[in-house]
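In case you want the letters, here they are:
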Amino acid sequence: MARRVFLHVGAPKTGTTFLQDTLAANRAGLADAGLLYPDTRSGNHFEAAIDLIEHPWGGALDRARGSWDQVASSAMRTRGDAIVSHEVLASASREQVRRAQKSFAGAELHVIYSARDLGRQIPAEWQETVKHRGRMQFGQFLRVVEKAPRSGSEEWFWRVQGLPDVLGRWSAGLTPAHVHLLTVPPPGAEAGLLWERFAGILGVDPALAVEKVPRTNVSLDAIETAFMRRLNVALKGRSVSQPVYADLVRGLLAQQTLSRRFKQIKTELPPESRPFVDEVTAEWREWVQGSGIDVVGDLAELETLWGDAEWADPDRPRPRAMIEVAIEALAEMIVAETERRREEPEAVRMFRRLRR
């Protein structure tokens, strides 16, 4: 039976994909050192997470049924420590948290929650909704976030980003010393610092991660996000399946094309929203200080550093810039289709011609 089990439950857009990729790339070496990152058919714990939280996720839940129990059983079979990690676990209800805790009965259970300042998290979550077929403008998204209740909310943003609410659910029955808040270093911080902090919680030497992984799930700028949102509007009602959208739009377009462009305009909060963020951040800091939980990093890193540059409305991008993005996207799609046809067997190409 496992000695300790660490549940890394979020939050989204806090370097979680990078941490998970690092765990996966160094799975064998970490296991030799006494830390198991359970393997799955996808290599990560996404299916286990949506199985636990019972989220349909565009039809993926049917395939994921039973995944949570498989990952939990694998974790419990080790004689050392184990870690289960996925950011959507942050949305789990209290009942689902109890189920998770029962899965690891007998082991010393720890919860890890990574958090980043709201000034970056709100735009990042808007971009993420757009990458998942969202059509809401930034201004509307921001109004929803500001008006929704932050505790016990049904709004996805606060279900996964509301620090006191998430940790209030996930820390039930745990001693404060077993609840770890990992603050994300600010821009310009030393490379590898996030992994070093994370590894410290797990009790492993950060140097064990000999296989380095690049940062993935890179953010888009305001113009790129606006372009994708307009594309989603144009695709509404058309017969584009979820797998095709994930492959072409979220994968090829967003991750492989747009994310690699030179960034022009960062999506930032308007000046009138900044007092709201500062107020919520102060509430968070007060809650953490009163909770006695383990803080790894610096609570000051949860405060947003506001710049003095003129704010650019992400819902009103320059038309010329949008055209440039559209042309680059179209060019990349043509190149990808050319490569696909080049690699396609002659028999398949002949069949396609006959169908015309």
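Located above this text is the structure these notes cover.
An account of the accompanying structure is given in this report.

What counts and how
Residues numbered from 1 in each chain as written. Predicted model: local features only at pLDDT ≥ 70, side-chain atom pairs only at ≥ 80, totals over all residues. Heavy atoms only, no water. Helix = DSSP H or I, 4+ residues; strand = E, 2+ residues; numbered from the N terminus. Buried < 20%, exposed > 50% of the residue type's maximum accessible area, 1.4 Å probe, protein only. Expected span 1.5 Å × (residues − 1). Contact = heavy atoms within 4.5 Å. Polar contact = N/O pair within 3.5 Å; in protein donor to acceptor, adjacent residues only side chain to side chain. Core = buried A, V, L, I, M, F, W, Y, C linked by side-chain atoms within 4.5 Å. Axes fitted to C-alpha atoms, helices over the stretch in contact; angles between N-to-C directions. Parallel < 35°, antiparallel > 145°, perpendicular 65-115°, else oblique. Left-handed = near helix turned anticlockwise from the far one by under 90°. Nonpolar A, V, L, I, M, F, W, Y, C, P; charged D, E, K, R; others polar.

1. Things to note about unusual backbone geometry
- The peptide bond linking G10 to A11 adopts the cis configuration, its omega dihedral lying at 0°.
- With respect to the element layout, A11 can be found in the loop between β1 (4–8) and α1 (16–25).
- The backbone of E54 sits at a positive phi, close to 55°, despite the residue not being glycine.
- Structurally, E54 is set in the loop between α3 (46–53) and α4 (60–64).
- E54 gets classed as exposed once you look at its relative accessible area, which sits at 52%.
- Phi at W57 takes a positive value of approximately 45°, unusual for a residue other than glycine.
- Tracing the backbone through its elements, the reader meets W57 in the loop between α3 and α4.

2. Focus on helix α7 (residues 118–131)
- Compared with the 20 Å implied by 1.5 Å per residue over 14 residues, the 19 Å span of α7 between its first and last C-alpha is a close match.
- Here α7 has its buried residues at L118, G119, Q121, I122, P123, A124, E125, W126, Q127, E128, V130 and K131.
- Turning to α7, the residues buried within the fold contact α8 (138–147), α9 (156–161), α12 (222–235), α13 (242–255) and α14 (274–291).
- Where α7 terminates, the next one or two residues include R133, which has phi positive at roughly 80°.

3. Structural notes on the side chain of R4
- Mapped onto the secondary structure, R4 falls in strand β1.
- In terms of polar contacts, R4 uses its side chain to reach the side chain of D81, at 2.8 Å.
- Among the polar contacts listed, one links the side chain of R4 to the backbone oxygen of L202, at a separation of 3.5 Å.
- Ignoring anything within four residues of it in the chain, the contact list for R4 reads G80, D81, A82, E108, H110, L202 and G203.

4. Re the nonpolar core
- With 75 residues, the main nonpolar core has W68, F104, Y113, I122, W170 and M228 as its most contacted residues.
- Among the nonpolar cores identified, the runner-up in size contains 21 residues, and F18, L30, L194 and F198 belong to it.

5. A short note on the packing of α12 against helix α15 (residues 319–343)
- Two numbers describe how α12 lies on α15: the axes approach to 9 Å, and their chain directions differ by 70°. The orientation of α12 with respect to α15, classified from their angle, is roughly perpendicular. The two elements α12 and α15 meet at a crossing, and its hand is right-handed. Mapping the contact onto sequence places I223, E224, A226, F227 and R230 in α12 and A321, M322, V325, A326 and A329 in α15.
- Looking at the contact of α12 with α15, its residues break down into 8 nonpolar, no polar and 2 charged.

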